[in-house]
Protein chains: 4
Amino acid sequence: MVIIMNKGAGEEEIAAVSLEVRNRGFGVHRSDGAEQTVLGIAGEVLGIDPRTFESLPGVQEVVLLTEPYKLASLGFRRKRSVIRVGEIEIGGPEVVIMAGPCTIEGEEQLYRSAESVAKAGARILRGGAFKPRTSPYSFQGPGIAGLELLRRVGDEMGMATISEVMEAGQIEPMLPFVDILQVGTRNMQNYNLLAALGKVNRPVLLKRGMSATVQEWLLAAEYIMAGGNHDVILCERGIRTFETSLRNTLDLSAVPMVQSLSHLPVIVDPSHATGRRDMVTPLARAAVAVGADGLLIEVHHDPDAARCDGPQSLRPAEFASLMGELRLIVQAVGRRVSEESAASLP
Amino acid sequence: MVIIMNKGAGEEEIAAVSLEVRNRGFGVHRSDGAEQTVLGIAGEVLGIDPRTFESLPGVQEVVLLTEPYKLASLGFRRKRSVIRVGEIEIGGPEVVIMAGPCTIEGEEQLYRSAESVAKAGARILRGGAFKPRTSPYSFQGPGIAGLELLRRVGDEMGMATISEVMEAGQIEPMLPFVDILQVGTRNMQNYNLLAALGKVNRPVLLKRGMSATVQEWLLAAEYIMAGGNHDVILCERGIRTFETSLRNTLDLSAVPMVQSLSHLPVIVDPSHATGRRDMVTPLARAAVAVGADGLLIEVHHDPDAARCDGPQSLRPAEFASLMGELRLIVQAVGRRVSEESAASLP
Amino acid sequence: MVIIMNKGAGEEEIAAVSLEVRNRGFGVHRSDGAEQTVLGIAGEVLGIDPRTFESLPGVQEVVLLTEPYKLASLGFRRKRSVIRVGEIEIGGPEVVIMAGPCTIEGEEQLYRSAESVAKAGARILRGGAFKPRTSPYSFQGPGIAGLELLRRVGDEMGMATISEVMEAGQIEPMLPFVDILQVGTRNMQNYNLLAALGKVNRPVLLKRGMSATVQEWLLAAEYIMAGGNHDVILCERGIRTFETSLRNTLDLSAVPMVQSLSHLPVIVDPSHATGRRDMVTPLARAAVAVGADGLLIEVHHDPDAARCDGPQSLRPAEFASLMGELRLIVQAVGRRVSEESAASLP
Amino acid sequence: MVIIMNKGAGEEEIAAVSLEVRNRGFGVHRSDGAEQTVLGIAGEVLGIDPRTFESLPGVQEVVLLTEPYKLASLGFRRKRSVIRVGEIEIGGPEVVIMAGPCTIEGEEQLYRSAESVAKAGARILRGGAFKPRTSPYSFQGPGIAGLELLRRVGDEMGMATISEVMEAGQIEPMLPFVDILQVGTRNMQNYNLLAALGKVNRPVLLKRGMSATVQEWLLAAEYIMAGGNHDVILCERGIRTFETSLRNTLDLSAVPMVQSLSHLPVIVDPSHATGRRDMVTPLARAAVAVGADGLLIEVHHDPDAARCDGPQSLRPAEFASLMGELRLIVQAVGRRVSEESAASLP
């Protein structure tokens, strides 16, 4: 941290600021420039609000020289993290595809949807059991019974599972059924939930808050990591902007931006960002081209009958066709996606 | 709800859409216009996603004619709600001032801050015990011990108390100490917390999410009300926009907007919106002029020594001066604020 | 400007950056801190893109210590500017009210609208002749003929006049008729127009761009001032955000923010910001309470028949009632508004 | 257009609204539903502000059923437009690459930059002569002399040329030198400039305004087309959002969105959106993968010495490498890009 004093700052002001810094436990190095004095602060300053010093008399500006997160920063690990989920590696050479229905509605729906995505090359089965719904009058999901089904169908298809957790109390009951615990966009700054996830030995997929900066997103990851759980996968899912022709604005530049700041893998959810089936395919292609480590896509065997998010769910044939396009695009980024598994499934 | 069919929509498409509507339990009234057919849907359609019908073949547009919330809507009560907290009425003729420090730091700090705001005319004492901090390395608040102090000092000053709740499990322990439970901006869509607050017999102050539309904010209130607790106070505290010269953009137009849609009282927090002491006073004046039912203001007896949010906390003299200005402004809106209580305090 | 080098920056990198700075004509002062080297740049650095140095090897961050504008900055004049329009002073103790119809539609409309606002206390008559319309198929305004009428009616009512200019070629023809040249929100960064206005001896009202930061707004003022015309009045009129329940989000915090950065007067237009008549009155009150130097308000003697912006135009009685409320509010900010002139008008 | 009346709307209100609609020259078809009356408006309603009817007594909501633009709409042409610039076709099977320096600085700079991009496969040479700079103190470009150079170097390399026009008066002088006239983001709603471009027989590249919705962008295109010039190329270049880690947020979803609404070709400028060289390559790949018809990229033979936008300009080798990646990605979208022309250049 560097504190830049005003041009006219007097000795008393400089002394008072230096004292205040030392009182908070940091060393100070003073440099008198031609026009103004600069105070360099030595030591790690995580958790300090720069405004604390900015409002002292004589201070012009406070510059944080390090990011406010540490465990999540690229500098902490030097190399990219690879998160292991059974045999699947997220953040490695393979672009990992997670797919399935928005909500678990019943056995046939889940089985048929899962079968189609498994055949086309998806590795992880998604399906919501606890649903964060904007309206208290909307269907809130099937709960734990749905997760038992998710595990059973996933096993049969040879897929790992992912589902959303909405509060700390749900974590323990979900562990037998879910390989990746997903934190939704509305809970990205639910710090009690993040802290609880930090105590679990299970990968967490952390969706970006609808209006979270990249820095806040990485600070949310830091909450989980500070508790001891370093297996965090980031997921860009669209941000809120003035543009309302689509539900949200997918921020694909966040992918290389995160990769320049953090070692954590980052995937993209084009389904929630757009809310429209015809937009999912082009944006899924773009996400892989921009360098994402994976995709999270809603697929339903019969979207018109879906209880939730039907309009944004791909049909099985559309998903298979997208997978074909992705197999061409990964060449440009030196990666691969899983092949179609025509025969091996039940 | 009205479903407007495409100009070229055929009889089969119209029939299929009508069937789909009836399958979901609603009546249909068909009108054949000069150029296109319009289907009117009878009955309450809360919780239905209009996209469900929009993606059917032949449908041009679906128009929701009622707001997606009901209990929170102006039409539900016809007259404005007044929330009672002891003898204090929020939403009545008095503009109610809530003030105090960001975080409860200790007895002297809380006592001296409380004393100054009580004398100047504040009715409700604020003070954080559980703090939602962006960084896991920042001070997280004193917890329940802080709330005991809040209650004790509040009682001594003749003030009611308000403090933030961060998860369902904190509600019960907080009840003995806190007269209004506050939901922070980051938890506005923490639906599990909202549902739990719906079961309590205690007023809730619901801060607007940093990027929540007015409609989503009222839907969050509806979550609480749908559980049985109708004592919800809304609080505008700044939204996230492209402008970063201040921390957030205080959306004062949301006050009359909410009042045109809902019967719930709405107050304003100018401290968090701006993050700068010199901005709090003008925006507090503006909030009362625009018609807010109250203010929530950070005041600290010695802001430079504050552990949290010092730069945005008013000093006691600044707060007293603001109260004087507000006593002039309320005349223009036909309201009043509490007088200075020079003598009565200990 | 201060250039902060990386922790590991070598002597060669530091030398190369210093050379680059000197090559651009600036002096350099080097300070070697405990952990990293800081280079202070002496001299005025207006017009330099900090990214130029930020991308050099070894540089961690470049901090601009002065605002990128100069003539518009508070430091340049020390005291607030007062812009004179005949006997009217904008930026002085009087809160100046500008009112009138969106578009000049004809003699009766303009006369009756002007008469009503003059009686209620407005000092400056507004009326559009060249209209920036989003659609090429909308009415584009009456042109110069409308401005002749504006001048004639203004003179009769004892009011100064204001109207919007859309390109440099319109300036000369407008000068006989218009006392204040208005730049619309869509042209705030039309630099050719701004440069041309810098050459004229006539006050300019510069509306904030719909998505302009306060800094960009002041840089646009600087364009006009750099040409020699220092009579710039700023006008906040709402910014574009994610919230769409109203047309734009009126950013009232921009008023004290601008006043902390610049000596220029700043007024508020609540009509365009909200687009709804019932929102204009509360936000006009709030604008005066927050400290604005004036208001720009659309008033039409018969809004339902207006060719443009009828839904946001106040009726004469509503405007008179608002003026009464403002006369109470100005007391709280130590200012005044013009009285009703019941008798003196024709 | 459909006008939906309130549930309690009386016969008088319905009659008054119908009359108002007929007075504006439209036919009305009335449908009495079970709960409320709907008025269908027959005929084209371009240029009508729906709020005109929405503010009439008894009206609940007005729904525009057609987009407010016509010539730019997909329905107007049914098939995608191909804009011809000499032998180059924009909007056809080839993804057209436009590249070159931000500003024309001199002969050697332009020649060497042009040579490198031509060899790598770019078809159109970009270079700014009139620069819209946020600060009046920044370099404003070389003017017409620069354009003569642009034409000469372009001819030598076998490339067409593109450069930005800032006001109507510059169009005529630019025509001999520039094959595509570019409208910058700050001028997207400079209606006088758009109208003037509508009278010219020369393709126009229309950049999206920094905070323009897709609808406003297409309405700006409509302004040009309504004047008679149908050769409009749209260019997405990043929108302004709350996220400031990069200069703007590139909205790649706007590409398929525009393609679902309009027949006009749409290209992407990843250089201005991000402002950082290391972000340009991944986002250029993503733009082609999402289906863009072309790219506009800043390339400089020596970015560290550039007078403008050096930090976001690709080096020749980086650009050549990007072109190689694009040749793989186009396969996934069934398109092609121009090959390297190793030998043919001077």
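Being a predicted model, the structure only gives us computed values, none of them experimental.

A. Quick peek at the relation of the copies chain A and chain D. For these two chains of identical sequence, chain A goes onto chain D by a turn of 180° and a shift of 0.0 Å along the axis, with RMSD 0.0 Å. What we have between these two chains is a two-fold relation. Of the C-alpha atoms belonging to chain A, the one lying closest to the rotation axis is found on A286 of chain A, 2.1 Å away. Same-surface contact between copies: 100% of interface residues of chain A are shared with the interface of chain D.

B. Spatial organisation of the pattern of salt bridges. Tallied over the full model, the rule gives 92 salt bridges over all chains. A salt bridge links D309 of chain B to R247 of chain B; the shortest N-O distance between them is 3.6 Å. One end of the pair, D309 of chain B, is in the loop between β14 (294-298) and α12 (316-329); the other, R247 of chain B, is in the loop between β12 (232-236) and α9 (254-261), and 62 residues separate them in sequence. Among the residues examined, R247 of chain B registers a relative accessible area of 34% and is labelled partly exposed. One continuous salt-bridge network, built from bridges that share partners, spans R208, E236 and D251 of chain A together with E243 of chain D.

C. Representation of the relation of the copies chain C and chain B. When chain C is fitted to chain B, the best match, at an RMSD of 0.0 Å, comes from turning it 180° and sliding it 0.0 Å along the axis. Comparing interface residues between copies, 100% of those in chain C also sit at the interface in chain B, which points to an isologous, same-surface contact.

D. Region of the structure containing the environment of L193 of chain D. All names here are of chain D. Among the structural elements, L193 can be located in helix α7 (residues 191-197). Considered as a pair, L193 and G75 are 118 residues apart in the sequence and their alpha carbons are 26 Å apart. Those residues in contact with L193 that lie beyond four places of it in its chain are V165, M166, E167, A168, I171, V183 and N187.

E. Spatial organisation of the sheet that holds strand β2 (residues 27-32) of chain B. Residues and elements named next belong to chain B. Judged by pairing direction, the sheet is antiparallel, and its four strands sit side by side in the order β2-β3-β1-β4 without closing on themselves. Whereas interior strands pair on both sides, the edge strands pair on one side only; in this sheet they are β2 and β4 (59-63). On average, each strand axis in the sheet is tilted by 20° relative to the strand beside it, whichever way the strands run. Where β2 and strand β3 (residues 37-42) come together, six bridges link them in antiparallel fashion. When the bridges of β3 are listed, G27 appears paired with A42. Contacts from helix α1 (residues 11-23) reach β1 (2-5), β2, β3 and β4 within the one sheet, and its direction differs from that of β2 by about 155°.

F. Expanded view of the interface of chain C and chain B. The partner chain B presents 36 residues to the 36 residues of chain C that form the contact. Carbon and sulfur atoms supply 71% of the area that chain C and chain B bury against each other, a total of about 2800 Å² over both sides. The three residues of chain C that bury the most area against chain B are F242, M257 and A332 of chain C, which together make up 20% of that side's buried surface. In this structure, E243 of chain C engages R208 of chain B in a salt bridge whose closest nitrogen and oxygen atoms are separated by 2.8 Å. Remark: the boundary between chain C and chain B carries six residue pairs in polar contact (both at pLDDT 80 or more). Only α9 (254-261), α11 (277-290) and α12 (316-329) of chain C provide two or more residues apiece to the side of chain C that touches chain B. Per-class residue counts for the side of chain C that touches chain B are 20 nonpolar, nine polar and seven charged.

G. Representation of helix α1 (residues 11-23) of chain D. Residues and elements named next belong to chain D. The terminal C-alpha atoms of α1 lie 18 Å apart, and with 13 residues this matches the ideal 18 Å at 1.5 Å per residue to within 8%. Among the residues making up α1, those that are buried are I14, V17, S18 and V21. The buried side chains of α1 occupy one side of the element, clustering within an arc of 100° when seen end-on. Pointing more than 90 degrees away from the buried face of α1 are the exposed residues E12 and N23. Downstream of α1 by a residue or two, G25 has a phi angle that is positive, lying close to 95°.

H. View of the sheet that holds strand β1 (residues 2-5) of chain A. Residues and elements named next belong to chain A. Strand order in the open sheet formed by four strands is β2-β3-β1-β4, and the pairing between neighbours is antiparallel. Looking at strand neighbours, the two that pair on one side only are β2 (27-32) and β4 (59-63), the edges of this open sheet. Strand-to-strand, the axes of this sheet are offset by a mean angle of 20°, without reference to chain direction. Strands β1, β2, β3 (37-42) and β4 of the sheet are contacted by helix α1 (residues 11-23), whose axis makes an angle of about 155° with β2.

Each value, and the rule that gives it
Residues numbered from 1 in each chain as written. Chains lettered and ligands numbered in written order. Predicted model: local features only at pLDDT ≥ 70, side-chain atom pairs only at ≥ 80, totals over all residues. Heavy atoms only, no water. Least-squares fit on C-alpha atoms with pLDDT ≥ 70 in both. Contact = heavy atoms within 4.5 Å. Salt bridge = Lys/Arg side-chain N within 4 Å of Asp/Glu carboxyl O. Helix = DSSP H or I, 4+ residues; strand = E, 2+ residues; numbered from the N terminus. Buried < 20%, exposed > 50% of the residue type's maximum accessible area, 1.4 Å probe, protein only. Pairing = 2+ DSSP bridges. Axes fitted to C-alpha atoms, helices over the stretch in contact; angles between N-to-C directions. Buried area = accessible area lost by both parts, 1.4 Å probe. Polar contact = N/O pair within 3.5 Å; in protein donor to acceptor, adjacent residues only side chain to side chain. Nonpolar A, V, L, I, M, F, W, Y, C, P; charged D, E, K, R; others polar. Expected span 1.5 Å × (residues − 1). Arc of directions from axis to C-beta.

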